[in-house]
Amino acid sequence: MYNAPHPLEVRILTRRFGLPNSASIDTYLAHDGYKAIEKALAEMTPDKIIEEVKASALRGRGGAGFPAGLKWSFVPRQSPKPKYIVVNADESEPGTCKDRLLMENDPHQLIEGALIAARAVDAHAGYIYVRGEYRYLIDILDRAIGEAYQRGYLGKNILGSGFDFDLHTHSGAGAYECGEESALLESLEGKRGIPRIRPPFPAVVGAFGCPTVLNNVETFCSVPWIILNGGAAYANLGTRKNGGTRLFCLSGHINRPGVYELPMGFPLPRMIEEVGGGVWKGRKLKAVIPGGSSCPVLKAEETNLPMDFDSLQAAGSMLGSGGVVIIDEDTCMVKAALRIMRFYAHESCGWCIPCREGTMWLGKLLTRFHAGAGTMSDIDLIRELAQNMLGKTFCPLGDAAALPTISIVKKFREEFEEHLNGRKCPHEGKG
Amino acid sequence: MPELVKLTIDGKEIEVPAGTLVINAARQVGIEIPAFCYYEGLALQAACRMCLVEVEKAPKLLTACTLPVAKDMIVRTETPQVAAARKGMLEFLLANHPLDCPVCDKGGECELQDMTFRYGAGESRFSEEKQHIEEQQWSPVVFFDRPRCILCFRCVRICNEGMGVAALGVINRGARSEIAPNKGDHLECDECGMCIDICPVGALTSGIYRYKTRPWEMEYAGTICTHCADGCKTTLSVRNGRVIRGNNRDHSGINGEFLCVKGRYAFDFLEHPERLHQPLVRRGVELQHASWKEAVALVAAKFNEVRERGGAFGVIGSARTTNEENFYLQKFARSWLNTNNIDHRRSGDVVALLDALAGLPGSLATTADVYHAGAVLIVGADLAQQHPLLSFQVRANVRHHGARVYVVHPHPQREDKVAAQVVRARGLAGIGQIREKLAGEQSLVVLFGEHIQGADVRRLVEMLPATARYVALVDYANSRGALDMGLLPDLLPGYQPAPAPGLSLQEMVGASLDVLWVVGANPLQGRARASGFLVVQELFLTETARQADVVFPAAAAYEKTGSFTNVCGEVQRLKKGPAVAGPKTDLEIMGLLARQMGHELAPPLPEAVFEEIRRSVAGYNIPYATFVTGAASATQYPNGPIARQGSSELIRSARDTLFTSGTLGRYCSVLNSVRERDLVRVEE
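If you're wondering where the values come from, they're calculated on a predicted model, not measured in any experiment. (Residues numbered from 1 in each chain as written. Chains lettered and ligands numbered in written order. Predicted model: local features only at pLDDT ≥ 70, side-chain atom pairs only at ≥ 80, totals over all residues. Heavy atoms only, no water.)

Engineer: Which residues make up the pairing of strand β8 (residues 168–171) of chain B, and what values go with them?
Structural biologist: Residue and element names in this part refer to chain B. Here four bridges tie β8 to strand β9 (residues 178–181), and the two strands are oriented antiparallel to one another. Along β9, the bridge assignment pairs G169 with A180. Hairpin remark: β8 followed by β9, antiparallel, with six residues in the connecting loop; positive phi at N172, about 60 degrees. (Pairing = 2+ DSSP bridges. Helix = DSSP H or I, 4+ residues; strand = E, 2+ residues; numbered from the N terminus.)

What follows is the structure, encoded as structure tokens:
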């Protein structure tokens, strides 16, 4: 499934989407497929590959935006232990649905990206950790991996280079927490999906205690193009420090929801109006969640921003995972806060106190508040509890629950006050 | 020696080895950083977030329990920001907590209470409905109350890492997370109660102790466990003269935080309905109650009469009576009954070991050595069943120091899991298979059981590196002390040769002696007495006591002062716990007899006998201050050849499991209630 492309898109990662049999290796090979690994094996040293990725200013597409080349360079060159590549395909952030399309429409691009990374750090095995709910993608990936083995792009002595690489899929079991890299590794190792104490980071101690490159699907998918066209060319597509394009997932109250590949730094208003066709039902914009549900919301008047990691951070939010959720004027922000909190309370792994108890408490409190049984002091309590979680949890899940809550209370306090004294939610039934 | 790192904590400059965690560095300058989940020696958790501290230049608060010190680091542990964070954490913890402190067993010794008192808020802002889950009973001794649980995972870790049992885990997630037992609705485990002990709140409670008392209504007596030979300190909590609880309250013993099911729960024999409270004298065919005066007079007269006519005595001592009692008993036998017919049930060949170690001083391992050694060889014993403390030490050594463990035993056992090599064979033949590897171990501790005895012990010592240290495994709390005190037919205290060897235990029970005197043993189990007159000092009417002419009701180890020597040769002090009415200590009973016979003017005091032991028994000249403060003192051994006379006695372990304890174990209803019948046994 893929929405109609938009003329403003810069189609790098999605350039094969919509081709007949786009997931097959034949289509892939007919459109630059596995050229990058050929080039990397024939013409580039592992260091050169990492240099090229550094030059591309490619930043992690999972949400944190850590420079990918830098991450790869942390993997020790000499290691008595084997090294691993792990693809984070546990795409679970509400509002985000891009990795799914990348795997569904062009799985070989991901395989090639992982392969190049393996060559860069001298890893000989890799895992694609696929979100439990995406089980159907495992069939697609397994088919593609099978094709790649058949044509000699995986397995022993790839393209006669002497380089070996095996790639496996691994299914998650339906926990948002396992999208967090260290929890993912625990789960991959067959344990309960709880995050690890860091440092050490996965580049040094990752899967099975070995050095590991762990990146998001979209990050790996960007690599073949970078190798073929050069890091500089990729970097030039975006803004300074924010190289390349990004798959933005436009959802919510918008006329043309979908996944659009746009250059980094693309203005948010144009994304909403031109690419997405504007807010639906002719309504006004109230707020935008710019990077998945864990980001602080932006009020309509704060949305005049270029969509890159640094600009969003400067505006007090995050670019996150690229899930842009449009919220119209008829939306109850208390309910939005409640909906977000319910998600995190459900997904909290239970490891640390502030996240486990904080999300539970806030979930119950917001439920009661939205039902009209709140008091004035509850409004401050909601904010304070979220504040008590923020920055104090074991992993970022607590922050993910706290940040949107704090921003909604701060920016939409009057909507909370409208729910006081047993009043019915003013937006109830507006749909 | 790792390099030292200088840092500042709350304005105090401190130098600690690189790699030290901030939480421990702070302790060294007297700053306590609060924590629930951090527990020294167990895997780091960083889950409770109580130990958050401010570190200069760090963008947010950091957990002191996972933060290694760094050069010039500046840490602040009590800033308003830190205090607010802790208060916030406590507020989260208390949100769903039932606050049933008035009826909670943990009330008064609860870390959550203490922490709330120090950092918490006096009022609750939580006005939502609390999540209630019914209390669960997981075993006769383990109860779990989920709402009280703060999910610090200490119990999961101690069971997995400390005990090697892994009977506890976590199910569900988020606020619905629950600690769960390994068999769905119940536990199948060691029943050691370590999970209860380590629980900072009242989530895990003891089936033995729950709802019995408040902690401030008890008095505490730190004494030594009466069961196996490892010599764990167990603190008896006593109320109105009754033992209510056993634990290792202040972690001050050689066992640190450790206690097994016996040390923790198996004190209930004290109040067993079959406990003897009054002397018994045989009148006709029946044993009938008699006064102490009558019974003592009867036995003393008999002893004097037989001695005067040159009759034969036999004396059988105990592996559970104190050093003072054993020393006094052999003195009684040798000086006043003129006999060397004295022995006890022997379970490990300590004598052969000490003989083989002649010229190799310092070759006995202490309990601490088992934790620090570079390698441990276990031969012919199921350590986890028979020596739970040593087993705990081995696991801790592997976890903390990466010790290499070698197991030589025909049957599988828990230590296999942590072993570098397992040899499924018996005794020396098995060791032969790994001889070369062992030859390379420069810091080796050898724990050997009954598979190696007699001449094999010397061969063992000759096979292994000269730096190896040894423990000859024995069964009971004072098995080692009984040997040291000369409860042997051919050896006096300190392994000095007796002028003329007497009869061994095996010989005595079969011989038609004029008098057989049994102090705290049950040698006539399954056999009829052969001697003319039988005197027994016992807690219960055992198979032996039932055949006696006179039975004196004896006090248990928990009811007396004195000393025990553990399997590693460490002397520790017993402290009297509960009050006892009726029974007397074996020392008192012997004293009464001695006085009646005209040998003593006043009853002997344990302190005076201990002084005599210190002065006269080789190796027992231990520092008195160490002894009275309750710490363990390692004894020295003769370091010279031991002259054995006559054939060596059969040495055989009773092969108790975690849930048995010889005859005494039969009267421990808790042990019998948790014993998993036929599941656990120690194989030969």
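Engineer: Explain the domain arrangement of chain B to me, using residue names and the numbers behind them.
Structural biologist: Residues and elements named next belong to chain B. With domains assigned, chain B is organised as domain 1 (4–78), domain 2 (104–271), domain 3 (280–346 + 478–664) and domain 4 (350–473). For domain 1 and domain 2, the distance between their C-alpha centroids amounts to 27 Å. Listed per partner, the contact involves 15 residues of domain 1 and 16 residues of domain 2. When domain 1 packs against domain 2, the two sides together hide about 1300 Å² of surface, and 60% of this comes from carbon and sulfur. It is F36, Y39 and L42 in domain 1 that bury the most area against domain 2; as a group they hold 52% of the surface buried on that side. (Domains from an automatic or database assignment. Contact = heavy atoms within 4.5 Å. Buried area = accessible area lost by both parts, 1.4 Å probe.)

Engineer: For the interface of chain B and chain A, give the residues involved together with the corresponding values.
Structural biologist: Interfaces are frequently sized by the accessible area removed from exposure as the parts join. Contacts between the two partners involve 35 residues from chain B and, on the opposite side, 30 residues from chain A. Counting the surface chain B buries against chain A, the share from its top three residues, B:F92, B:R125 and B:R173, is 28%. There are three salt bridges connecting chain B and chain A. In this structure, the salt-bridge partner of B:R125 is A:E384, at a minimum N-O distance of 2.6 Å. For the pair chain B and chain A, the interface holds 16 residue pairs in polar contact (both at pLDDT 80 or more). Those elements that place two or more of their residues in the side of chain B that touches chain A are α2 (80–95) and β8 of chain B. (Salt bridge = Lys/Arg side-chain N within 4 Å of Asp/Glu carboxyl O. Polar contact = N/O pair within 3.5 Å; in protein donor to acceptor, adjacent residues only side chain to side chain.)

Engineer: Please provide a residue-by-residue account of the packing of helix α13 (residues 333–347) of chain A against helix α14 (residues 353–373) of chain A, values included.
Structural biologist: Residue and element names in this part refer to chain A. For the pair α13 and α14, interaxial distance at closest approach is 9 Å and the crossing angle is 150 degrees. The angle between α13 and α14 falls in the class roughly antiparallel. Of the two possible hands of crossing, α13 and α14 adopt the one that is left-handed. Here V334, K335, A337, L338, M341, R342, Y344 and A345 of α13 come into contact with α14, specifically with T359, M360, L362, G363, L366, T367, F369 and H370. When the residues that make up the contact of α13 with α14 are grouped by side-chain class, the tally is ten nonpolar, four polar and two charged. (Axes fitted to C-alpha atoms, helices over the stretch in contact; angles between N-to-C directions. Parallel < 35°, antiparallel > 145°, perpendicular 65-115°, else oblique. Left-handed = near helix turned anticlockwise from the far one by under 90°. Nonpolar A, V, L, I, M, F, W, Y, C, P; charged D, E, K, R; others polar.)

Engineer: Describe the packing of aromatic side chains, and please don't skip the residues or the numbers.
Structural biologist: Counting across every chain of the model gives 29 aromatic pairs over all chains. Residues A:W351 and B:F153 carry aromatic rings whose centres are separated by 5.0 Å and whose planes lie at 15 degrees to one another, so their mutual orientation is stacked. Note that A:W351 is positioned in the loop between α13 and α14 and B:F153 in the loop between β7 (142–144) and α4 (154–162), a pairing that runs across two chains. Judged by its relative accessible area of 5%, B:F153 is buried. By the ring-pair criterion, three or more aromatic residues cluster together here, those being B:F303, B:F313, B:Y328, B:F332, B:W336 and B:W517. For A:K281, the ring lying beneath its charged end belongs to A:W280, and the centroid distance is 4.3 Å. Against the face of B:F143 rests B:R210, its NZ or CZ located 3.6 Å from the ring centre. (Phe/Tyr/Trp six-rings, centres within 6.5 Å; stacked < 30°, edge-to-face > 60°. Buried < 20%, exposed > 50% of the residue type's maximum accessible area, 1.4 Å probe, protein only. Lys NZ or Arg CZ within 6 Å of the ring centre and 35° of its normal.)

Engineer: Which residues make up the sheet that holds strand β17 (residues 342–343) of chain B, and what values go with them?
Structural biologist: Residues and elements named next belong to chain B. Strand order in the open sheet formed by seven strands is β15-β14-β27-β26-β25-β16-β17, and the pairing between neighbours is mixed. Because the sheet does not close on itself, it has two edges, and the strands there are β15 (286–289) and β17. Where strand β14 (residues 280–283) and strand β27 (residues 550–553) come together, two bridges link them in antiparallel fashion. Looking at β27, one finds that L280 is bridged to V551.

Engineer: Tell me what's going on with the sheet that holds strand β11 (residues 219–224) of chain B, and back it up with residues and numbers.
Structural biologist: Whenever strands of a sheet pair, they do so through backbone hydrogen bonds, lying parallel or antiparallel. Residue and element names in this part refer to chain B. Across the sheet, which stays open at both edges, the three strands sit in the order β11-β12-β13 with antiparallel pairing between neighbours. Since the sheet does not close on itself, it has two edges, and those belong to β11 and β13 (242–247), each with one partner. Taken over all neighbouring pairs, the strand axes of this sheet differ in orientation by 30 degrees on average, direction set aside.

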